[in-house]
Amino acid sequence: MRPNFYLHLHPPTIPAAQARWRYTLGAGGTAVFLAFVLLVTGALEMFFYIPTPGEAALSVQMLTYTVPFGGLLRNLHFWAAQWLLVVSAVHLVRVVFTGAYAPPRRFNYLLGLALFVLVILFDFTGYILRWDQGIQWALVVGTNLVKSIPLLGEAFYQILVGGAQIGAATLIRFYAWHVFGLTLLGAGVLFWHIFRVRRDGGIAIPPPALRTQRERIFHFELVRREIAAMVWVGSALLLVSIFVPAPIAPAITEITAAASETHAPWFFLWVQQMLQWGDPFLWGVLAPLVVLLALALIPYALPQPAPDELGRWFPKSNRMAQVLLAALVGLVILLTLLAIGSKV
Amino acid sequence: MPAMRWTGEMSQITRRSFLKVSTQALLAASGMLGLGALLRYLGYQASPPPITQLDLGPASAYPPGSRTLLPDVPALLVHTEVGFSAISLVCTHLGCTVEPTPQGFACPCHGSEFDPGGLPRRGPAEKPLPSLQVEQDAEGRLILHVV
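Criteria and cut-off values
- Residues numbered from 1 in each chain as written.
- Chains lettered and ligands numbered in written order.
- Predicted model: local features only at pLDDT ≥ 70, side-chain atom pairs only at ≥ 80, totals over all residues.
- Helix = DSSP H or I, 4+ residues; strand = E, 2+ residues; numbered from the N terminus.
- Buried ≥ 20, exposed ≤ 12 C-beta atoms within 10 Å, placed from the backbone.
- Contact = placed C-beta atoms within 7 Å.
- Rg over C-alpha atoms; globule rule 2.2 N^0.38 Å.
- Pairing = 2+ DSSP bridges.
- Axes fitted to C-alpha atoms, helices over the stretch in contact; angles between N-to-C directions.
- pLDDT = per-residue confidence, 0-100.
- Parallel < 35°, antiparallel > 145°, perpendicular 65-115°, else oblique.
- Left-handed = near helix turned anticlockwise from the far one by under 90°.
- Nonpolar A, V, L, I, M, F, W, Y, C, P; charged D, E, K, R; others polar.
- Domains from an automatic or database assignment.

**Quick notes on the overall build of chain B**
Regarding its fold elements, chain B presents one helix and 10 strands. Each helix and strand of chain B, placed in order from N terminus to C terminus, yields the pattern α-β-β-β-β-β-β-β-β-β-β. For chain B, the C-alpha atoms occupy an extent of roughly 105 × 40 × 20 Å along the three principal directions. Relative to its full complement of 147 residues, chain B shows a buried share of 20%. Counted over contacts in chain B with a minimum sequence separation of 6, partners at least 24 positions apart contribute 37%.

Written out as structure tokens, the structure is:
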């Protein structure tokens, strides 16, 4: 048979230990499924969305309230996007807490981290595309943070915003990044990431000589589990999208007039909390980059997980990485809660 | 006469490695040129530069003692016995519009507070809200200098 990508990902049999729900949580596969849902719903949204400052919020309102199934479509896109961020984070936590990033999977860990950053950028640019009073300050603060970078900030700001201040050029650039630039990058890195999973020997488990379980599952069983996950996640997504609407706010009248929403989008609340402490560059740019760098260095700078301990949760050998990640996750959650609790 | 054989240092470099290095150098130079062009392309300001002056209409529209919010600047225009003055309402921290409060101004985004004169009272903002220059032209119209 001709080799193809589907067969690359679905060999005739794989060790049963590689496909246990309680080990993988199905997080990576779910993320791929959600990305696919986002691609399809996003493409359909493009038929109604008009990326100009005067029309954007109105076209989102039309899509939401008058287009048949438009509201459902938008809710599906919104919830799939939020879940993708959560599921990607769960996938990252799973990989670190099981030590699955150990060589030869270190590079694929970095590819995964790059995808995580891309998902955050996707969520932020998509949020901005609403171009209503709910996103106004997030856009102003986000772009001014870029400007706060020493030396290069001004140039980055102009490339991002398309002028000396926010306007039509900004919206079309965010639109271009969201629907094309990030999609192209994301698709490339996603295929590479999935390709490397099999290249690196599939999901991380001990090498053959150290395996205690010999059980294997057939290709058919793997596909059955994948379909089961898609049906469950898809149903839950549909249910939530039917009953919980995606946020929407009145159109912006003047970009500088008081806006209704002063909170950052939920995934940046922890940064908003830190920004209250002072210097924008230090807390708004460097601090998040330090967190990212710490995550990237986990497979390179900390003690390696032992091969015989792979394939299960919390191996003793990578305790340091578990503690570091738990501390980072705890910190982000704590800051987020503080931001929700504070009035500003 | 036997063929002359040149034995200078250049012969240390084989033809193959010379071509390889040249190719790499040319590719690198082309890449840098392309990158430079891309940066210039992306850096072009598509939108017109922001306005620097704003005509606020006849000065008589703002009686003494009035405090007028100009939301599209955004600024607060104050008319006292001393004359007209204006204060920018763009927070000096990260650019949200500050809101007038009994104690001065407060930023809704990161909690900065300013006194009525625009001086920072509480962080994270460190710089005062800038005063904007206001003048009357010959016809008695108020001109606000935005920058």
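**A short note on the overall build of chain A**
Within chain A, the secondary structure is distributed over 13 helices and two strands. Its C-alpha atoms give chain A a radius of gyration of 22 Å, within 12% of the compact-globule value 20 Å for 344 residues. Seen through its principal axes, chain A has C-alpha atoms that stretch 65 × 45 × 35 Å. Within chain A, counting contacts between residues at least 6 apart in sequence, those at least 24 apart form 78% of the total.

**Description of unusual backbone geometry**
Residue and element names in this part refer to chain A. In this model, Pro 103 is joined to Pro 104 through a cis peptide bond whose omega is 10 degrees. One non-glycine residue, Leu 25, adopts positive backbone phi at about 65 degrees. Mapped onto the fold, Leu 25 is located in the loop between α2 (21–24) and α3 (27–45). Residue Leu 25 is classed as partly exposed on the basis of its C-beta count, with 17 C-beta atoms lying within 10 Å. Here the phi dihedral of Phe 69 falls at roughly 65 degrees; this positive angle occurs in a residue that is not glycine. By the secondary structure assignment, Phe 69 is in the loop between α4 (56–65) and α5 (70–97).

**A closer look at the sheet that holds strand β4 (residues 83–88) of chain B**
All names here are of chain B. Sheet architecture is open: six strands sit in the order β1-β10-β9-β4-β3-β2, paired in antiparallel fashion. Each of the sheet's edge strands pairs with one partner strand only, and the pair in question is β1 (53–58) and β2 (67–70). Averaged over neighbouring strand pairs, the angle between their axes works out to 25 degrees when direction is ignored. In the sheet, β4 pairs with strand β9 (residues 131–136) via two bridges, with the strands oriented antiparallel. Residue pairing in the sheet places Ile 87 in a bridge with Ser 131 of β9.

**Brief notes about the pairing of strand β3 (residues 75–80) of chain B**
Residues and elements named next belong to chain B. Bridge count between β2 and β3: four bridges; the pairing is antiparallel. Note on β3: the bridge partner recorded for Thr 68 is Leu 77. By the bridge criterion, six bridges tie β3 to β4 in an arrangement that is antiparallel. Across the sheet, Ala 75 pairs through a bridge with Ser 88, a residue of β4. Adjacent in sequence and paired antiparallel, β3 and β4 are bridged by two residues.

**Section: the confidence of the model for chain B**
With 93% of its residues at a pLDDT of 70 or more, chain B has an overall mean of 85. Taken together, the chains of this predicted complex give a pTM of 0.89 and an interface ipTM of 0.76.

**Quick look at the packing of α3(A) against helix α10 (residues 219–243) of chain A**
For any two helices packed against each other, one specifies the crossing angle of their axes together with the interaxial distance. All names here are of chain A. Two numbers describe how α3 lies on α10: the axes approach to 10 Å, and their chain directions differ by 55 degrees. When the axes of α3 and α10 are compared, the pair comes out oblique. Seen from above, α3 lies across α10 with right-handed handedness. Contacts between α3 and α10 involve Gly 29, Thr 30, Phe 33 and Val 37 on the former and, on the latter, Glu 226, Ala 229, Met 230, Val 233 and Leu 237. Of the residues in the contact of α3 with α10, the class split is six nonpolar, two polar and one charged.

**Observations concerning the interface of chain A and chain B**
Accessible area lost upon the coming together of the parts is a frequently used measure of interface size. Contacts between the two partners involve 27 residues from chain A, matched on the other side by 22 residues from chain B. Ranked by residue count, the leading element in the side of chain A that touches chain B is helix α7 (residues 136–147) of chain A, at five residues. Each residue belonging to the side of chain A that touches chain B can be placed in one class, and the counts come to 15 nonpolar, 11 polar and one charged.

**Observations concerning the domain arrangement of chain B**
Taken domain by domain, chain B consists of domain 1 (10–43) and domain 2 (53–145). The C-alpha centroid of domain 2 of chain B is placed 54 Å from the C-alpha centroid of domain 1 of chain B.

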